[in-house]
Amino acid sequence: MKKFALYAFCLFFFAVGIGHFALESFFTGAMPEWIPFRKAIVYISGIMEIALAVGLFLKRTRYVTGFLIAVFLVLVLPVNIYMALTAENYDLPAAALWIRLPLQFVLIWWVLKVRKV
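Given the structure is predicted, the values throughout are model-derived calculations rather than measurements.

What counts as what
- Residues numbered from 1 in each chain as written.
- Predicted model: local features only at pLDDT ≥ 70, side-chain atom pairs only at ≥ 80, totals over all residues.
- Heavy atoms only, no water.
- Phe/Tyr/Trp six-rings, centres within 6.5 Å; stacked < 30°, edge-to-face > 60°.
- Helix = DSSP H or I, 4+ residues; strand = E, 2+ residues; numbered from the N terminus.
- Buried < 20%, exposed > 50% of the residue type's maximum accessible area, 1.4 Å probe, protein only.
- Expected span 1.5 Å × (residues − 1).
- Arc of directions from axis to C-beta.
- Contact = heavy atoms within 4.5 Å.
- Salt bridge = Lys/Arg side-chain N within 4 Å of Asp/Glu carboxyl O.
- Polar contact = N/O pair within 3.5 Å; in protein donor to acceptor, adjacent residues only side chain to side chain.
- Core = buried A, V, L, I, M, F, W, Y, C linked by side-chain atoms within 4.5 Å.
- Patch = residues over 30% accessible without salt bridge, like charges linked within 9 Å, V, L, I, M, F, W, Y side chains within 5 Å.
- Areas by Shrake-Rupley, 256 points an atom, 1.4 Å probe, with all protein chains shown as cover.

Examining the packing of aromatic side chains
Taken as a whole and assessed by the stated rule, the structure comprises seven aromatic pairs. Where Phe13 meets Phe72, the ring centres are 6.0 Å apart and the plane angle is 80 degrees; that geometry is what we call edge-to-face. One end of the pair, Phe13, is in helix H1 (residues 2-22); the other, Phe72, is in helix H4 (residues 62-75), with 59 residues separating them in the sequence. Residue Phe72 is classed as buried on the basis of its relative accessible area of 7%. One aromatic cluster in this structure is built from Phe9, Phe12, Phe13, Phe72 and Trp110.

Details of H4
Between its first and last C-alpha, H4 extends 20 Å over 14 residues, near the 20 Å set by a 1.5 Å rise per residue. Among all positions in H4, only Arg62, Thr65, Gly66, Ile69, Ala70, Phe72 and Leu73 are buried. The arc that holds every buried residue of H4, seen down its axis, measures 160 degrees, which confines them to one face. Seen from the open side of H4, the exposed residues pointing more than 90 degrees away from its buried face are Val64 and Leu75. Packing partners of the buried residues in H4 comprise H1, helix H3 (38-57), helix H5 (77-85) and helix H6 (94-114).

Concerning the pattern of salt bridges
Two side chains bearing opposite charge may form a pair once their charged atoms approach each other closely. What the rule picks out here adds up to one salt bridge. The closest approach of N and O atoms between Arg38 and Glu33, which form a salt bridge, is 3.6 Å. Judged by relative accessible area, which is 18%, Arg38 ranks as buried.

Quick word on the side chain of Ser45
In this fold, Ser45 is placed in helix H3. In this structure the side chain of Ser45 is engaged in a polar contact, spanning 3.0 Å, whose partner is the backbone oxygen of Val42. Setting aside chain neighbours within four positions, we find Ser45 in contact with His20 and Phe72.

Some details on the nonpolar core
A general tendency of soluble globular proteins is for nonpolar side chains to be buried together. Formed by 15 residues in total, the largest nonpolar core has its most connected members in Phe9, Phe13, Leu56, Ile69, Leu73 and Val111. Counting residues per element, the ones that place at least two in this core are H1, H3, H4 and H6. Setting aside anything within four residues of it in sequence, one finds Phe13 in contact with Glu49, Leu52, Ala53, Ile69, Phe72 and Leu73. Residues Leu77, Ala87, Tyr90 and Leu97 belong to the second largest nonpolar core, which totals eight residues.

Some remarks on a nonpolar patch on the surface
A surface patch of nonpolar side chains, amounting to about 650 Å² of accessible area, comprises Tyr63, Val64, Phe67, Leu68, Val71, Leu75 and Leu112. A per-element tally of the nonpolar patch places H4 first, with six residues. Locating Phe67 in the fold gives a position in helix H4.

Here's the deal with the environment of Phe9
Relative to the assigned elements, Phe9 resides in helix H1. Owing to a relative accessible area of 0%, Phe9 belongs among the buried residues under this scheme. Between the alpha carbons of Phe9 and Leu107 there is a distance of 8.5 Å; along the sequence they are 98 residues apart. Look past the residues within four positions of Phe9 in its chain and what remains in contact with it is Leu56, Ile69, Leu107, Trp110 and Val111.

Nothing here speaks to function; it is geometry throughout.
Dropping the structure here:
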């Protein structure tokens, strides 16, 4: 079960990284207008998520990468808060954007657990 949780997280994080390229306009629109280089930030964060997913998958780098993913998830939390506060700008239910905030902490807990597998 622990390996399944690890591989599920790796797959999830990898898919979200790919999503930064496939849904670039959504991710760019999620950031406040005043942030410069939003498109570049979306692409760089997508590359980072893909690389982190691979690093978590590899046993040799798993422990450190799990910690780095937890830090990454904390760093992107302000964007999720911004989206919840400006829910009217998105074609998503406001409740979903608010529910996503505590789920960020579930993801942090999850990755910190699976990095020890």
